[in-house]
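Structural characterization, general
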Amino acid sequence: MRKRRMCAWWVAGLVVVVVGIEAVARWDHFIAPGFAFQRSDSYTSYNVTSLDQCKMMCSVVAGTPQCMAWTAVRQGPGAWTCLHASHSPPFNTLTTNTNSVMGYTEDSLKGELNAVQAEDGHYYFIPSSQANHNFDFAKQYCQNLPGFRLAIFYTFEQMQMALNLINKNVYIGLQNNGNGFQWGDGTPFPSELSRLIWNYNYSNDPYVRTDGNNYQRDHNIDLFLCQH
């Protein structure tokens, strides 16, 4: 009889450990202060006392649907409205609000390349193939993931490191604005990297990665690289 009780205790303990590990794995969130999705994108709402409580409930409360994103909107001292969503961004109703904080789980971003952290500290993500779009679509899609942008690189080493994660042709955040090549944040493209650009002196088109870590004009690309 004692042996049977000991076995039951061991099984119960194992269940607790497994649940705990899963909860820790889902505790990793992208945090976006000043952003909020609306009730139309959520499946439930709560009144909570802090944004940490809202995040914790998203991470550890079991059930269907599973929480993939949360928004906490401050209503007053110690009073927050908490919304949970069953999917990651982009959202139909994303707004900016200085009294709000939004988070979404890292494991909610799945695509050609799931969200992964590289050696430079940035996260990289390639959404699933999006047909019939252009550079502007890619840029806006990444911006609709709070904290993300179409990928930019400041050094050759960083570029090589990030692009070694993939073997795809992808849009990146590089354009010629008529006064020379610039990254999406306005930083000039280093002239020493000009050898990587196809038709460097003559084209204003967006540039994408091709085999051999070169870049060339291509209007048929259906993938893009987002960077956090």
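I will try to describe carefully the structure that is included in this document. Bear in mind the structure is a predicted one, so any value in this text is a computation, not a measurement. (Residues numbered from 1 in each chain as written. Predicted model: local features only at pLDDT ≥ 70, side-chain atom pairs only at ≥ 80, totals over all residues. Heavy atoms only, no water.)

**Details of the overall build of the protein**
Rules: Counting from the N terminus, the helices are DSSP H or I runs at least four residues long and the strands are E runs at least two residues long. Buried, partly exposed and exposed residues are distinguished by accessible area as a fraction of the type maximum, computed with a 1.4 Å probe on protein chains only: under 20%, between the cut-offs, and over 50%, respectively. By the convention used here, residues are in contact when the closest approach between their heavy atoms is within 4.5 Å. Accessible areas in this description were obtained via Shrake-Rupley with a 1.4 Å probe; residue shielding takes into account the shown protein chains only.
Summing up its helical and strand segments, the protein has four helices and 13 strands in all. Across the 228 residues of the protein, 41% fall into the buried class. Taking contacts inside the protein between residues at least 6 apart in sequence as the whole, the part at least 24 apart equals 66%. Total accessible area on the protein is roughly 12600 Å²; 51% of this is exposed by carbon and sulfur atoms.

**Details of the sheet that holds strand β8 (residues 149–150)**
Going by this rule: A pair of strands counts as paired when DSSP detects no fewer than two bridges linking them.
A sheet is described by the order of its strands in space; here four strands give the open sequence β6-β7-β13-β8, paired in antiparallel fashion. Two strands bound the open sheet, and with one partner strand each, they are β6 (113–117) and β8.

**Comments concerning the environment of T96**
Mapped onto the fold, T96 is located in strand β5 (residues 95–105). Sequence-distant contacts of T96, that is, excluding residues within four places in its chain, are made with G34 and F35.

**A word on the sheet that holds strand β2 (residues 44–48)**
Short version of the rule: All axes here are fitted lines through C-alpha atoms, helices being fitted over the stretch that makes contact, and every angle between N-to-C directions spans 0 to 180 degrees.
One open sheet holds the five strands; their spatial order is β1-β5-β3-β4-β2, and the pairing between them is antiparallel. Two strands bound the open sheet, and with one partner strand each, they are β1 (29–36) and β2. When strand polarity is set aside, the average angle formed by the axes of neighbouring strands in this sheet is 25 degrees. Where β1 lies against β5, seven bridges are found, and the strand directions are antiparallel. Bridged to F35 within β5 is T96. Sheet contacts for helix α2 (residues 51–60): β1, β2, β3 (69–76), β4 (79–85) and β5; angle to β3, the most-contacted strand, approximately 155 degrees.

**A short note on the state of the cysteines**
To keep it simple, the criterion reads: Any pair of cysteine sulfurs within 2.5 Å is marked as a disulfide.
Tallied over the full model, the rule gives three disulfides. Here C54 pairs with C82 through a disulfide, and the sulfurs are 2.1 Å apart. Residues C54 and C82 share a disulfide whose torsion about the S-S bond is about 75 degrees; that sign makes it right-handed. In this pair, C54 sits in helix α2 while C82 sits in strand β4, placing the two residues 28 residues apart along the sequence. For C54, a relative accessible area of 0% translates into the label buried. Between the sulfur atoms of C58 and its disulfide partner C67 the distance amounts to 2.1 Å. Between C58 and C67, the S-S dihedral sits near -95 degrees, and the bridge is therefore left-handed. Each member of the pair, C58 as well as C67, is classed as buried.

**Considerations on the packing of aromatic side chains**
Applied cut-off: A pair of Phe, Tyr and Trp rings is counted when the ring centres sit within 6.5 Å of each other, with Trp represented by its six-membered ring. The angle between the planes then sorts it: under 30 degrees is stacked, over 60 is edge-to-face, the rest tilted.
Within the structure shown, the criterion is met by eleven aromatic pairs. Relative to F148, the ring of F30 lies with its centre 5.2 Å away and its plane at 75 degrees, an arrangement referred to as edge-to-face. Residue F30 is located in strand β1, and its partner F148 is located in the loop between α3 (135–143) and β8; the two are separated by 118 residues in the primary sequence. In this structure F30 comes out as buried when scored by relative accessible area, which is 2%.

**What to know about a nonpolar patch on the surface**
Operational definition: Candidates for patches are residues over 30% relative accessible area with no salt bridge; among them, like charges are joined within 9 Å and nonpolar side chains (Val, Leu, Ile, Met, Phe, Trp, Tyr) within 5 Å. Here, a salt bridge means any side-chain nitrogen of Lys or Arg that lies within 4 Å of a carboxyl oxygen of Asp or Glu.
Nonpolar side chains collect at one region of the surface, where M56, V60 and V61 lie side by side and expose about 250 Å² of accessible area between them. On the secondary structure map, V60 appears in helix α2.

**Observations concerning the environment of I126**
Position of I126 relative to the elements: it lies in strand β7 (residues 123–126). Assessed through its relative accessible area of 1%, I126 is described here as buried. In sequence terms I126 and C226 are 100 residues apart; their C-alpha atoms lie 6.2 Å from each other. When neighbours within four sequence positions are excluded, I126 is seen to be in contact with G111, E112, L113, I166, V170, L223, F224 and L225.

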